[in-house]
Amino acid sequence: MIVRIFFLLVLFVFTNQQAQAQTTGKQTAAMLSQSPAGGKIVRFIKAVNATDANEAFIKRNFEPKLVEKQTVSKLLGIINEAIPSEDGKLTVYSADRMETFKYELIAKGSKGGWVKLGFTFEENEPYRIAGFTLDGIDAPSGKLEAMEL
């Protein structure tokens, strides 16, 4: 009996964590990391900050149609050169899951500017990035705390 209750409790906690990782609205760093799509956002931000993306990274994290349209070299240029030279290292302050396969993040570049990043994902596994946007924005109002990704 005690073993059964313990098993049900563990199952409930695990299921609850999985459900939280998949909800829309504000996302924590843990929620991003636990979501297959959100994890790709974390890897994207880390790649930008380390300027170490390579062809394997692009093919593993981006939808083939996007890679074909934009090319590996163009996507590498955006991640390894364009964003770092324009904005510097990105610190994420806010992440929202707008829809099942759509996220928006607010980040500040180490060069002082604020940006809004938008990500859309494939609707099936492995949920690779199907599109992304990066727009300069005014500083958000209110107090925001950096997320540790």
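Residues numbered from 1 in each chain as written. Predicted model: local features only at pLDDT ≥ 70, side-chain atom pairs only at ≥ 80, totals over all residues. Heavy atoms only, no water.

Asks: Report on helix α3 (residues 36–50), specifying residues and quantitative values.
Replies: Under the 1.5 Å per step criterion, the end-to-end length of α3 is 21 Å for 15 residues, consistent within 8% with the ideal 21 Å. Of all 15 residues in α3, 11 are buried; the element is thus mostly enclosed. Among all positions of α3, only Ala 37, Gly 38, Gly 39, Lys 40, Ile 41, Val 42, Phe 44, Ile 45, Ala 47, Val 48 and Asn 49 are buried. Looking at the residues trailing α3, positive phi occurs at Thr 51, about 45°. (Helix = DSSP H or I, 4+ residues; strand = E, 2+ residues; numbered from the N terminus. Expected span 1.5 Å × (residues − 1). Buried < 20%, exposed > 50% of the residue type's maximum accessible area, 1.4 Å probe, protein only.)

Asks: Mind laying out the nonpolar core, listing which residues take part and the relevant values?
Replies: Phe 44, Ile 58, Phe 62, Ile 79, Leu 117 and Phe 119 are the most contacted members of the largest nonpolar core, which totals 31 residues. Looking at this core, the elements with two or more residues in it are α3, α4 (55–61), α5 (64–70), α6 (72–87), β2 (90–99), β3 (102–109) and β4 (114–121). Ranked by the residues each element gives to this core, the list is headed by α3, at 7 residues. If we ignore the near neighbours within four places in the chain, the residues touching Phe 44 are Phe 57, Phe 62, Ile 79, Ile 83, Leu 117, Phe 119, Ile 129 and Phe 132. (Core = buried A, V, L, I, M, F, W, Y, C linked by side-chain atoms within 4.5 Å. Contact = heavy atoms within 4.5 Å.)

Asks: Please provide a residue-by-residue account of α6, values included.
Replies: Residue pairs three or four apart in sequence face the same way in an α-helix, which turns once every 3.6 residues. Given a rise of 1.5 Å per residue, 16 residues ought to cover 22 Å, and the 21 Å separating the end C-alpha atoms of α6 matches this to within 8%. The largest bend along α6 measures about 40° and falls at Ile 78. A positive backbone phi angle near 85° is found at Gly 88, which sits one or two residues after α6. (Bend = angle between axes of the 7 residues up to and from the residue.)

Asks: Please set out unusual backbone geometry residue by residue, giving values where relevant.
Replies: Put simply, Glu 125 and Pro 126 share a cis peptide bond, and its omega is 10°. One non-glycine residue, Thr 51, lies in positive phi territory at about 45°. Examined against the element boundaries, Thr 51 turns out to sit in the loop between α3 and α4. A residue is classified by how much of its surface remains accessible, and Thr 51, at 39% relative accessible area, is partly exposed. One non-glycine residue with positive phi stands out, namely Thr 71, at about 75°. Along the chain, Thr 71 falls in the loop between α5 and α6.

Asks: So what's going on with the environment of Leu 117? Which residues, and what values?
Replies: As for its placement among the helices and strands, Leu 117 is situated in strand β4. For the pair Leu 117 and Val 92, spaced 25 residues apart in sequence, the C-alpha to C-alpha distance is 9.7 Å. Beyond its immediate stretch of four places on either side in the chain, Leu 117 contacts Phe 44, Ile 45, Leu 90, Tyr 103, Glu 104, Leu 105, Ala 107, Thr 133 and Leu 134.

Asks: Now, about the packing of aromatic side chains: what can you tell me, with residues and values included?
Replies: Inspection of every chain in the model, using the stated rule, returns 10 aromatic pairs. Plain terms: the ring middles of Phe 57 and Phe 62 are 6.4 Å apart, the flat faces sit at 70° to each other, and that makes the pair edge-to-face. For the pair shown, Phe 57 and Phe 62 are each scored as buried. Pairing Tyr 93 with Trp 114 gives two aromatic rings, centres 5.0 Å apart and planes at 55°, and the pair type is tilted. (Phe/Tyr/Trp six-rings, centres within 6.5 Å; stacked < 30°, edge-to-face > 60°.)

Asks: Go over the pattern of salt bridges with me, naming the residues and quoting the values.
Replies: Throughout the structure, instances matching the rule amount to 3 salt bridges. Where Asp 96 meets Lys 26, a salt bridge forms, and the shortest distance between an N and an O atom there is 3.5 Å. Of the two residues, Asp 96 is situated in strand β2 and Lys 26 in strand β1 (residues 25–26); the sequence distance between them amounts to 70 residues. Here Lys 59 makes a salt bridge to Glu 55, at a shortest N to O gap of 2.8 Å. Of this pair, Lys 59 and Glu 55 both sit in helix α4, 4 residues apart, which is roughly one turn of that helix. A relative accessible area of 47% means that Lys 59 is categorised as partly exposed. The exposure class assigned to Glu 55 is partly exposed, which follows from its relative accessible area of 41%. (Salt bridge = Lys/Arg side-chain N within 4 Å of Asp/Glu carboxyl O.)

Spatial relationships are all this shows, so hold off on functional conclusions.
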